[in-house]
Every structure is written in C-alpha cells, then in structure tokens.
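The residues making up each chain are set out below.
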Amino acid sequence: MLETTPLYHQLADQIHELIRAGTLRAGDRVPSVRRLSGQQRVSVSTVLQAYQRLEDIGVIEARPQSGYYVRRLSAAVQEPEPSQPPRRALHVEVNELTDTVLAYASEPNVVAFGSACAAPELFQLERVRRVLSSLARRDRNALGRYGLPPGTEKLRRAVARRALEWGCRIDHRHLVTTTGCIEAVNLALRAVTKPGDLVALESPTFYGFLQILQSLGLRALEIPTHPRTGISLEALELALAEHPVKAVIVMPNVSNPIGASMSDAAKKRLVELLAAKNVPLIEDHIYAELQFDGSAPRPAKAFDRNGNVMLCSSFSKTLAPGLKVGWIEPGRWRDSVRMLKFMSSGGQNELVELAVAELLESGGYERSLRQLRRRFESQVDAARGIIAESFPRGTRVTRPAGAYIVWVELPKGADSVLLFERLLERGITIAPGPMFSASQRYRNCMRLSVGQAWAEKHERALREVGRLAGE
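Read on for a plain summary of the structure. (Residues numbered from 1 in each chain as written. Predicted model: local features only at pLDDT ≥ 70, side-chain atom pairs only at ≥ 80, totals over all residues. Heavy atoms only, no water.)

## Overview of the overall build of the chain
We count it as follows: Only DSSP runs of H or I covering at least 4 residues are called helices, and only runs of E covering at least 2 are called strands; the numbering of each starts at the N terminus. Only C-alpha atoms enter the radius of gyration; for comparison, a globular chain is expected to reach 2.2 Å times N to the power 0.38, where N is the number of residues. Note on classification: 1.4 Å probe, protein chains only; a residue is buried when its accessible area is under 20% of the maximum for its type, exposed when over 50%, partly exposed between these limits. Residue contacts are defined here by distance: any two heavy atoms, one from each residue, within 4.5 Å place the two residues in contact. Reported accessibility uses the Shrake-Rupley method at a 1.4 Å probe radius. Residues are deemed covered only where the shown protein chains occlude them. The charge count includes Lys and Arg as positive and Asp and Glu as negative, but it does not include His or the ends of the chains. Here the site of a charge means atom NZ of a Lys, CZ of an Arg, CG of an Asp or CD of a Glu.
Tallying secondary structure elements over the chain gives 15 helices and 17 strands in all. Taking 23 Å as the expected radius of gyration for a compact globule of 471 residues, we find that the chain reaches 24 Å, a close match to that expectation. Each principal axis of the C-alpha atoms in the chain carries an extent, and together these give about 70 × 60 × 45 Å. Split into buried and exposed, the 471 residues of the chain put 58% on the buried side. A fraction of 75% describes how many contacts in the chain between residues 6 or more apart in sequence connect residues 24 or more apart. Of the roughly 20,600 Å² of accessible surface on the chain, a fraction of 48% belongs to carbon and sulfur atoms. Mean positive and mean negative side-chain charge positions of the chain (63 and 51 charges, respectively) differ by 3 Å.

## What about the sheet that holds strand β17 (residues 445–449)?
Filter applied, for reference: Here the rule is simple: two strands pair whenever DSSP picks up at least two bridges between them.
Pairing within the open sheet is antiparallel, and its 4 strands lie in the order β13-β14-β17-β16. Either end of the sheet is taken by a strand with one partner, and the two such strands are β13 (396–397) and β16 (431–432). The pairing of β16 with β17 spans 2 bridges and is classified as antiparallel. Within β17, the position partnered with Pro432 by the bridge is Met446.

## Comments concerning the nonpolar core
Operational definition: Throughout, nonpolar core names a set of buried Ala, Val, Leu, Ile, Met, Phe, Trp, Tyr and Cys residues whose side chains join them through atoms within 4.5 Å.
Of all hydrophobic cores here, the largest spans 139 residues; its most connected members are Ile282, Phe315, Tyr404 and Leu448. Ranked by residues supplied to this core, first place goes to helix α13 (residues 363–390) with 9 residues. Tyr404 has contacts with Ala116, Cys117, Ala118, Tyr287, Leu290, Lys317, Phe376, Val380, Leu448, Ser449, Val450 and Gly451, leaving out every residue within four places of it along the chain.

## Focus: the pairing of strand β1 (residues 60–63)
Along any regular strand the residues' side chains alternate between the sheet's two faces. Strand direction decides the pairing type here: β1 and strand β2 (residues 67–70), joined by 4 bridges, are antiparallel. Along β2, the bridge assignment pairs Ile60 with Val70. Linking β1 to β2, which pair antiparallel, is a turn of 3 residues; within it Gln65 sits at a positive phi near 60°.

## Describing unusual backbone geometry
Most of the time, phi is negative for any residue but glycine, and the peptide bond is trans. With an omega of 10°, the peptide bond running from Pro149 to Pro150 counts as cis. The residue after Asn256, namely Pro257, is reached through a cis peptide bond having omega 20°. Within the fold, Pro257 resides in the loop between β9 (245–250) and α10 (264–277). Non-glycine residue Gln440 carries a positive phi angle of around 60°. By the secondary structure assignment, Gln440 is in the loop between β16 and β17. Assessed through its relative accessible area of 40%, Gln440 is described here as partly exposed.

## Regarding helix α7 (residues 180–192)
Under the convention used in this document: Expected helix span is given by 1.5 Å per residue-to-residue step, counting one fewer step than there are residues.
The end-to-end C-alpha distance of α7, which contains 13 residues, comes to 19 Å, matching closely the 18 Å that a straight helix rising 1.5 Å per residue would cover. Summarising burial for α7: 10 of the 13 residues are buried, a large majority. Of the residues making up α7, those classed as buried are Gly180, Cys181, Glu183, Ala184, Val185, Leu187, Ala188, Leu189, Ala191 and Val192.

## Re the side chain of His9
For the record, the criterion: The definition of a polar contact used here is a pair of N or O atoms within 3.5 Å, where within protein one atom must be able to donate a hydrogen and the other to accept one, and adjacent residues in sequence count solely through side-chain atom pairs.
Its place among the elements puts His9 in helix α1 (residues 7–20). Reaching out from His9, the side chain makes a polar contact with the side chain of Tyr8 at a distance of 3.2 Å. Within the structure, His9 has its side chain in polar contact with the side chain of Arg53 (distance 3.4 Å).

## Looking at empty space enclosed by the protein
Filter applied, for reference: Put simply, the grid is 1 Å and covers the protein atoms alone, a cavity is a trapped set of points that fit a 1.4 Å probe, a pocket is an open set with protein on both sides within 12 Å along at least five of seven lines, and lining residues have an atom within 4 Å of a point. Grid points are joined across faces, edges and corners, and a volume is the space filled by probe spheres set on the points. Nonpolar residues are Ala, Val, Leu, Ile, Met, Phe, Trp, Tyr, Cys and Pro. Charged residues are Asp, Glu, Lys and Arg, and all others, Gly as well, are polar.
Using the criterion set out here, one finds 2 cavities of 30 Å³ or more in the structure. Each pocket or cavity is described by its volume, and for the largest cavity that value is around 60 Å³. Residue classes in the lining of the largest cavity are distributed as 5 nonpolar, 4 polar and 1 charged. Around the second largest cavity, the lining residues are Gln124, Arg127, Val128, Thr318, Leu319, Leu359, Gly364, Tyr365 and Ser368. Listing elements by their share of the lining of the second largest cavity, those giving two or more residues are α5 (125–138) and α13. Of the residues that constitute the lining of the second largest cavity, the class distribution is 4 nonpolar, 4 polar and 1 charged.

## Overview of the state of the cysteines
As a reminder, the rule being used: Note that a disulfide, as used here, is simply two cysteine sulfur atoms within 2.5 Å.
Following the criterion strictly, the structure yields 0 disulfides and no others. Cysteine Cys168 remains unbridged, with the sulfur of Cys312 as its closest cysteine sulfur at 12 Å. Given a relative accessible area of 2%, Cys168 falls into the buried group. In this structure Cys312 is a free cysteine whose sulfur lies 5.5 Å from that of Cys181, the closest cysteine sulfur available.

## With respect to a nonpolar patch on the surface
Spelled out, the test is: Like charges are joined within 9 Å and nonpolar side chains (Val, Leu, Ile, Met, Phe, Trp, Tyr) within 5 Å, but only among residues with over 30% relative accessible area and no salt bridge; these make up the patches. A pairing counts as a salt bridge when a side-chain nitrogen of Lys or Arg comes within 4 Å of a carboxyl oxygen of Asp or Glu.
Side chains of Tyr146, Leu148, Met339, Phe342 and Met343 sit close together on the surface and give an oily, nonpolar patch of about 630 Å² of accessible area. For Leu148, the position within the fold is in the loop between α5 and α6 (153–165).

## Description of the packing of aromatic side chains
Applied cut-off: Only Phe, Tyr and Trp rings are paired, with Trp represented by its six-membered ring, and only when their centres lie within 6.5 Å; those with planes under 30 degrees apart are stacked, over 60 edge-to-face, the remainder tilted.
The tally for this structure, following the rule as stated, stands at 11 aromatic pairs. Measuring from ring centre to ring centre gives 6.5 Å for Phe315 and Tyr365, while their planes differ by 80°; the resulting arrangement is edge-to-face. Of the two residues, Phe315 sits in the loop between β11 (309–314) and β12 (326–329) while Tyr365 sits in helix α13, which places them 50 residues apart along the sequence. Note on accessibility: Phe315 and Tyr365 belong to one class, buried. For the pair Trp407 and Phe436, a centre-to-centre distance of 5.4 Å together with 85° between the ring planes defines the contact as edge-to-face. You can see Trp407 sitting in strand β14 (residues 405–409) and its partner Phe436 sitting in the loop between β16 and β17, a full 29 residues away along the chain.

So this is what it looks like as structure tokens:
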C-alpha cells in the first residue's frame, strides 16, 4: 500500500478485507471505536473516518446507542407477487383476531413485532414535555377552554404550511383536527357512506380500516395491490364499473402493511378516475413523512381539483404517539365532517394542539424526521437480512418505501395464526395475515413491525420467528 494513502483509508481497507474474507459476517458488530483505536494505536478520529468511509460504500452501518455492524445484503430475498383478492363484496369480521394481537402490544416482556408502534425512546419526548410545560405556564387558561371543532387555528395553519412541503396547497380554514388519523378516516367514512354501502380498498389493507368498516356496517371490496407500486388502477377501474362503490380508501405513500408508494402519475390518474365516477377518495397520509429517500412525497390530494379527496393524517408516527393529534382536510364534505366531529367528541385538547403547532414550526421536527428515517431504514434492512438468512426457503418479503413495517409471505401451507400462538408462548408477537383482509386471506403471510429500539434480543426473536415458521 502506498505511504501516501491516508491512514483512515488503510484502516478501512483492513476492515473491508475481514468482511470479504468472512471473518466478519453480515450482522456482526465491528470493534467499537475506542477498542479499535487502542488495538491499532490510532486516534479515535481516524477510526471514525474509517468507519464513515465504510458506511459511505455500504459495507457497515451505524445503529444508534449500539455501535457499528456489517451491513446485511438483503436483496437476495424476493418480494411478494401482486395480490389477487376475490372480486366480490365482503362483510367484515376482523375484531377478534386483531384484539388478541393488540392485547400484547405494550407488554414489557414481549418482543412485539405485531404492533406498528415505534419505541418511545426514539422520539424527542423530553423536548415535547418542555414545550407542553412552557405553554401551560404562558397560556394558563388553555386547559380551561373547550377546543371546539374545527380545532386550534395555530395548528391548522402549521399543518397547511407543512403541506406546502409536499407540493399540496391546503386552506387552513378547511381543516378539522382529530384524535389521531384513525378518527379522521372514521369521520370521512361516516360523512360519505351509510350502513350496507360498499367501500373499495387495497389488499392487503390496514386492519384499522376493516375495523371501522365493521363498526359502521359497511362492506369491503378488496383491490389487487402491488408490493412496490400500490393499488392496481386497472383493477380499481374494473371494480367501479362492476360494483356500486361509495368510497375508496388508499394509502398512496408508504402504505400499511406492504410499504408501497405510488408514482405521482398514478396518484393523478387515481384522483381523476374517482372524480369522473364521483366516488370520494379517502387518503391516509400517516407514514408518508417517513419515506426513506428523504423527499416529501406528494399526496393524491395535491391533484384534487374539485374537493373529491379527503386527506387524513396525524403526528403519531413522527412526533409523539401519545399526543394523538391528527387532522383531516375533508374536501367538499367539510361541514359534514365538522358536525360529525362535534357530535363524536366535542373537540380537542387545545393545549396539546398548541404544543404540536410550536413543535412543527421549529427546525427540530425536521431533524427528528431525518433521524427516524435513517434509523428505520437501517432496521428494515437488518430485518430483511435476517429473514433472508433464517426464514424457510421460498419466503418473500416486501421492500418498503419507508417506515418500519415489512410484509412477509411464507411458503404455501404455512399458517401465521398458528405461528402467532406458538410464538406467544415464547414472548414474541407477530400480526397474522388474515388481520389485513376482509376475506381472511393471507394465512401464510404476516406483518412485522421493526420500529423498536433495535437490539440483539430483537434479532434473536426474529430468528426464532423464522425457525418456528420452518418447522
């Protein structure tokens, strides 16, 4: 090696050679910065530069509060094929299985891959506490006021300004604040449907949508969906011609459970198709800001010209889950949604809404988003690598566009419900595939959430999922 080669280059090359030789394997932790500094008798700065070089070429990855690890090359595992749900309307009955899975979501001794909740320690909760405390002192009457619909003006303005980052113009006067995104979707459905109506949605879809449909006496029509590009517009157009669809629910950006994101061209076509049929589109935008490429994806609402799109979201996945602050831009159903909100809960917590507005307006929110994206991308990559290594041959797994959930398709004949029951005995949960379908399909599939404060115990637990799945 030439003497003119920087020392940190030489050190990086040495580590890289150990990885190529198999001495350090995918998923292994590389020596800590201080340990390698002592071993090689170089400065901590030199080791950091070497590790940065290896990070830049995709050989290792940093995991917060854990160290550096050999990056897993998970491209070997295939993605699922596009779904093929039945082309008929279905009554919805999903609550029993869903309730069983969610009952273990907050158990401290359970590794909960079954619940799509990120670990509290990943959020800047201390900063949220300081803002709440400061506001409570500055505005001592906030807790004494009813936060009536449509919600605190300061928050609605902050949301409208945030939407400009997504290429979407929203009038803050049209917004209604909600208790999370799930209430926003609930209000939207109540505004545009009545019991017995038919609602089209992606397949697989978020179980929360199915629970709402079940509670409102609505029927589901599942539409084929691609794991990378989202709902099939061709299949949706055919369904609209064959069935009296009254509303469509879609997650165009980072969908749950498969992590798909539609192109802008597809979103535009979706909006135009439904506008032509006069069928309202209910859009869930909750995971969009966790898209890995760091860009601000446009919602379908950005292409809405006649108020036919009802855009729903919250800050539960990006700011602080416990605040439960969401919102809806109801399109031409604004008055109906506002009245429904008043009848369902009377309003919101004004102090909390003021705090969220203040947090959104600061640069800290954007920095926090960048950190979350990097962390979740690293953990999804690590999980896909373990699945490629440890799950039965023939397993397929999605490559999500963002967030922290993956959809796993086991070989035919596997039973994710039975697997859930066996794993529960070992203190591990998954979300079985039938939760995500009104037709109780996807028995050989599961959704895994990897939004925990990832540690060795999570890797061991995921390998155990794979081991039992192969028995």
